[in-house]
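Structural characterization, general
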Amino acid sequence: MQQAESVVVHNYWLGCELWQQLGLGAFWGGRLEVGREEVPWAKVLELLVVSRLIAPGSEFRLHRQGFDQSARGDLLGSGFAVAGKDRLYRCLDRIVEHKAALFDHLRQRWQDLFQARFDVLLYDLTSTYIEGEGEEIPKAKHGYSRDHRGDCRQVVIALVVTPEGFPLAYEVMEGNTSDRTTLRGFLAKIEAQYGRARRVWVMDRGIPSEEVLEEMRQPGRERFYLAGTPRGKIQQYEKQWLELPWQKVRESVEVKLFAEDGELCVLAKSAGRRAKERAIRRRKLVGLLRTLRKLRRSAPARDQLLLRMGAAKKQAGRAFGLVSLRLPREGEEVTRQTFIFQLHKEKLQKAELRDGHYLLRSNLVGENPEVLWERYIQLTQIEAAFKTLKSELGLRPIYHQVEKRVEAHIFVAFLAYALSLTLKQRLAALAPGLTPRAVLEKLATLQMLDVCLPTTDGRWLIMPRYTQPEPDQSLMLHQLNLTLPSQPPPRIKAPQEAAENPPPRLKM
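Residues numbered from 1 in each chain as written. Predicted model: local features only at pLDDT ≥ 70, side-chain atom pairs only at ≥ 80, totals over all residues. Heavy atoms only, no water.

What follows deals with the packing of helix α12 (residues 271-298) against helix α14 (residues 345-353). The description of two packed helices rests on the angle between their axes and on the distance between the axes. In the contact formed by α12 and α14, the axes pass within 11 Å of each other and the chain directions differ by 155 degrees. Overall, the two elements α12 and α14 adopt an arrangement that is roughly antiparallel. Here α12 and α14 pass one another in a crossing that is right-handed. Residues Arg278, Arg281, Arg282 and Leu285 of α12 form the contact with α14, whose own contacting residues are Leu348, Ala351 and Glu352. For the contact of α12 with α14, the residue count by class is three nonpolar, no polar and four charged. (Axes fitted to C-alpha atoms, helices over the stretch in contact; angles between N-to-C directions. Helix = DSSP H or I, 4+ residues; strand = E, 2+ residues; numbered from the N terminus. Parallel < 35°, antiparallel > 145°, perpendicular 65-115°, else oblique. Left-handed = near helix turned anticlockwise from the far one by under 90°. Contact = heavy atoms within 4.5 Å. Nonpolar A, V, L, I, M, F, W, Y, C, P; charged D, E, K, R; others polar.)

Its place among the elements puts Arg107 in helix α7 (residues 99-114). The exposure class of Arg107 is partly exposed, given its relative accessible area of 24%. Spatially, the C-alpha atom of Arg107 lies 10.0 Å from that of Tyr194, the residues being 87 residues apart in sequence. Residues within four places of Arg107 in sequence aside, it is in contact with Phe118, Leu168 and Tyr194. (Buried < 20%, exposed > 50% of the residue type's maximum accessible area, 1.4 Å probe, protein only.)

Glancing now at the pairing of strand β6 (residues 199-203). Each regular strand shows side chains that alternate between the opposite faces of the sheet. With respect to burial, β6 is a largely interior element, five of its five residues being buried. The alternating pattern of β6 places Arg199, Trp201 and Met203 on one face and Val200 and Val202 on the opposite face, and all of these are buried. Bridge count for strand β3 (residues 120-129) against β6 is four bridges, and the pairing is parallel. Looking at the pairing, Leu122 lines up with Val202 of β6. Pairing geometry for β6 and strand β7 (residues 223-228), over five bridges, is parallel. (Pairing = 2+ DSSP bridges.)

On to a positive patch on the surface. On the surface, Arg290, Arg293, Lys294, Arg297 and Arg336 cluster together into a patch of positive charge. Relative to the helices and strands, Arg297 is located in helix α12. (Patch = residues over 30% accessible without salt bridge, like charges linked within 9 Å, V, L, I, M, F, W, Y side chains within 5 Å. Areas by Shrake-Rupley, 256 points an atom, 1.4 Å probe, with all protein chains shown as cover. Salt bridge = Lys/Arg side-chain N within 4 Å of Asp/Glu carboxyl O. Lys, Arg positive; Asp, Glu negative; His and termini not counted. Charge placed at Lys NZ, Arg CZ, Asp CG, Glu CD.)

On to helix α18 (residues 436-443), then. What α18 keeps buried is the set Pro436, Arg437, Val439, Leu440 and Leu443. When α18 is viewed along its axis, its buried side chains cluster within an angular range of 160 degrees and face the same direction. (Arc of directions from axis to C-beta.)

Attention shifts here to the side chain of Gln154. Positionally, Gln154 belongs in strand β4 (residues 154-161). Residue Gln154 is classed as buried on the basis of its relative accessible area, which comes to 1%. Among the polar contacts made by the side chain of Gln154, one reaches the side chain of Ser127 at a distance of 3.3 Å. When near neighbours in sequence (up to four residues on either side) are disregarded, Gln154 contacts Ser127, Thr128, Tyr129, Lys139, Ala140, Lys141, Gly143, Tyr144, Ser145 and Gly175. (Polar contact = N/O pair within 3.5 Å; in protein donor to acceptor, adjacent residues only side chain to side chain.)

Structural data, given as structure tokens:
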């Protein structure tokens, strides 16, 4: 008896199950043209998306390594042709034009599966960078990099999701796009695609401009917003809120309410946020003062001191303004008399008084402040979506140098995110405490191997067999109402085929 190498299979099987639960096989089968292709384009796309979910990597890596090592051909009912390099790239060229139709389809599926609602929308932006020059990509520009890769060109991604994380739309923009210039276009985009309805837009500070908020407040528009504000607004409105009483909305959260120019302003105070902000500031202050003491002891040349001071200022951030400095003048040596620094205690005390405070503004004037606060903290859901896309699904970096394929790469990542989110919602209802990544990693230990038996006439009887799940894996599958596929039927390898491709020897 001989035995072939085992390959991972069941986490890919789960990815294909999620693909079918969302009806994506039928959706893409009806939109990607079918001609003389050896493999339907819908199968190629399913391979790209499920591979992005399970083991993110480039299309070339999938072509060279990923396909044979995962038994994806058995799951897709297709041979290696589905993973042909040119076929994978050509598939990318066919999908982006169907983005709007896809989100219409997903919106309906999530409503059917999870009773998802789309009346509260979270809006935010992120960036992802491109490896290489990117000169042939019009949208690739240098700009503010959330990935701390200012040396690379990038694109900006604007995203709208529900508080549960269901994406409603996204847009790929030029890498130097300012956050404040994007909201008006997205409001029009959502209304054009899904119609006018009562929607509440939740945004962080820095996104809405005063002009757009004024437009949203106009009567009859049914455009409501809840937005954070810059810290300077807290001090600006100090007279309005200073004498007002605090209302407790959570054990460690209190709010004050006041009206201003047709808006409801909510001043929130969080004990947890206060502790976090103070810890961050003190850590930066300690690092800054330690650096200044080292510089005073080493007494470098004045020009060298100024260079190091610039680096220290960048690292300290706002904490740098809490230290009073006297730097040497031109021509002076660096001594204890010419280089003097001191912590400004009064400024520090004022800063600590504002710690943990943040101001929200909304045109939902009659809304319960607890509801407003809860909606605002749901912005963490869109941050979680960006984290999943970038860390778990390998959105960054982008290696493509053609704009259409850059957008297709992002589109495939969003399709993989849709699968991950669907699994997450299933887990929330049936197996709380488990994460999608934990489930996929657990199923990765279930593998498939080929048991090969020689026959008397020179042929081989090949019996593909799945390994049996462990008790904890069986329990997890039971909780998710999932049943593993049946063992595949045996197959016969002809003598000539067996001679050309003999089964591997069993390793002892």
